[in-house]
Amino acid sequence: MPCSLRNKHLIPTIDDIDKYFGIKGSKILLRIDINSPIDPETKDILDDSRIRAHAVTVRELVERGAAVVAMSHQGRPGDSDFVSLGKHAELLEKHTGLPVRFIDDVIGPAAREAIKSLQPGEVLLLDNTRLVSEEIIEATPEKHAESIFVTRLAPLFNYYVNDAFATAHRSQPSIVGFPMRLPSAAGRVMERELTALSKLYNPEERPRVFVLGGGKVHDTLRILEHLHSNGAVDRILATGLVAELFMVAKGINIGEANLRVLEAKGLLSLLPRARRLLLRGLPIETPVDFRTLVDDHIEVETIGHIKGVIKDIGPQTVKMYTEIMKEARLIVMRGPAGVIEDPRFREGSRELVRAAIESNAYVIVGGGHLNSIIAELGLAGRPNLHISTGGGALLLFLAGEDLPGLTALAKSAEKFFSQLTG
Ligand SMILES: Nc1ncnc2c1ncn2[C@@H]1O[C@H](COP(=O)(O)OP(=O)(O)O)[C@@H](O)[C@H]1O
Ligand SMILES: O=C(OP(=O)(O)O)[C@H](O)COP(=O)(O)O
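Since this is a predicted model, take the numbers as computed values, not measurements. (Residues numbered from 1 in each chain as written. Chains lettered and ligands numbered in written order. Predicted model: local features only at pLDDT ≥ 70, side-chain atom pairs only at ≥ 80, totals over all residues. Heavy atoms only, no water.)

Residue position: Asp312 is located in strand S14 (residues 309–313). A relative accessible area of 0% means that Asp312 is categorised as buried. Engagement of the side chain of Asp312 in a polar contact is seen with the backbone nitrogen of Gly348, the distance being 2.9 Å. Excluding its chain neighbours within four sequence positions, the residues that come into contact with Asp312 are Phe290, Arg291, Ala337, Gly338, Phe345, Arg346, Glu347, Gly348 and Ser349. (Helix = DSSP H or I, 4+ residues; strand = E, 2+ residues; numbered from the N terminus. Buried < 20%, exposed > 50% of the residue type's maximum accessible area, 1.4 Å probe, protein only. Polar contact = N/O pair within 3.5 Å; in protein donor to acceptor, adjacent residues only side chain to side chain. Contact = heavy atoms within 4.5 Å.)

Following this line, the structure appears as structure tokens:
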């Protein structure tokens, strides 16, 4: 069954490729997103959850008789996490239980020879796609279909499968170029994401409550602008640094120490945008109390009396947010409520995650930090919970934005899957 993209476009799945063209004996180019946190000193992979997730798709394609060539980016050129994928290959081998050959090349003669000689049942991982300079350029699918990256590799394959939901918001050759040249489909991780997220477009799934915290305040503000102007959210429960910014924008005194934190992070310049959103009626709740650090002592301080440095939300806020979540049909969470790297400040995030999962709502959680809380609480298998591999892509999708990677798959379907699209 193809997955439906906002009831408008159909995106073929692996089953469709198998049914209409046949996978056995084919060669498949598989775009995954195994971009992982990397230790800046040792260059070790700190979290392999994305590798584990994509291993399922790799194994299934191999079991269906394909030769699988996987590719992914890792970091951005110039950053400390921009590394080669040798260690990723070892982990992919561990999680698939299959031998995975790695080649430190992407589109050169060595990579092309390795691809040509790959046999059905075998797996090859190419090196970091962002070693190819074209891969950091944002352009249309038609333009990227003419890139050297795509024109060199596409003729070596029968199909392209995109499993990289977490990169679907980038219009780069490895995401949007190949679908213009090859019959293409969504992989299992992508399919799972789209199926879960399509629930959001069910008009009955309201009220929708977004619990947004963490430290990526620039990103979150942009997402809030989309969410609000598209009418995609009924209530926002702010935590983390996002909450602190909106409290200042509302004129609430958060104390000198916390203003300094916002200033040091360059967040005070976002105040006019936050105020504009408030003026336009953004339905956002902010905390009423916090766990703070005052001279190395943990205190619970209520607003109007904050002297310490804010580290987590307080118990009254947890209570208030829990009551609101009880009314929700859909809850989306991203970013922790506090500085959860310190175990003394995990309580707020733990309580909110627990309350969301125990509510009557369907819960979608994105971003690494809250996922670590879910793992710690042993809640990962709950039937009303979807743990997304995406961060920015997830929130932009939920904000109603078209993601280039998905649009390219839908366009490809029109070109190559007339059986599905009519
Ligand atoms: N009140 C706060 N003050 C400072 N940092 C905070 C606060 N609340 C959360 N954070 C920080 O936010 C970071 C995680 O945010 P983010 O990267 O946006 O989440 P995710 O990785 O889940 O997408 C953590 O490092 C955490 O310490
Ligand atoms: O980790 C990713 O994004 P995320 O941090 O928003 O989840 C994706 O791999 C995209 O990476 P990019 O933001 O360098 O294009």
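Back to the text.
Tallying each qualifying case throughout the model produces 6 aromatic pairs. For the pair Tyr20 and Phe417, a centre-to-centre distance of 6.2 Å together with 85° between the ring planes defines the contact as edge-to-face. Residue Tyr20 is found in helix H1 (residues 14–20), and its partner Phe417 is found in the loop between helix H17 (404–416) and helix H18 (418–421); the two are separated by 397 residues along the sequence. We classify Tyr20 as partly exposed; its relative accessible area is 29%. Ring geometry for Tyr160 versus Phe178: centroids 5.6 Å apart, planes at 15°, classification stacked. Of this pair, Tyr160 sits in strand S7 (residues 159–162) while Phe178 sits in the loop between helix H7 (173–177) and strand S8 (184–186), and the two are 18 residues apart along the sequence. The pair formed by Tyr160 and Phe178 is uniform in burial state, with each residue classed as buried. By way of ring pairs, the aromatic residues Tyr20, Phe21, Tyr159 and Phe417 are connected into one cluster. (Phe/Tyr/Trp six-rings, centres within 6.5 Å; stacked < 30°, edge-to-face > 60°.)

This part takes up the sheet that holds strand S4 (residues 67–71). Spatially, 6 strands are ordered S5-S6-S4-S3-S7-S8 in an open sheet, and the strand pairing comes out parallel. Two strands in the sheet have a free side with no partner beyond their single neighbour: strand S5 (100–102) and S8. Ignoring strand direction, the axes of neighbouring strands in this sheet form an average angle of 25°. Alignment of S5 against strand S6 (residues 123–125), held across 3 bridges, turns out to be parallel. Its bridge partner lying in S6, Arg101 is registered against Leu124. Relative to the sheet, helix H2 (residues 49–63) contacts strand S3 (27–31), S4 and S6, its axis offset from that of S3 by approximately 175°. In the packing of H17 onto the sheet, the strands contacted are S7 and S8, and the crossing angle to S8 comes to about 135°. (Pairing = 2+ DSSP bridges. Axes fitted to C-alpha atoms, helices over the stretch in contact; angles between N-to-C directions.)

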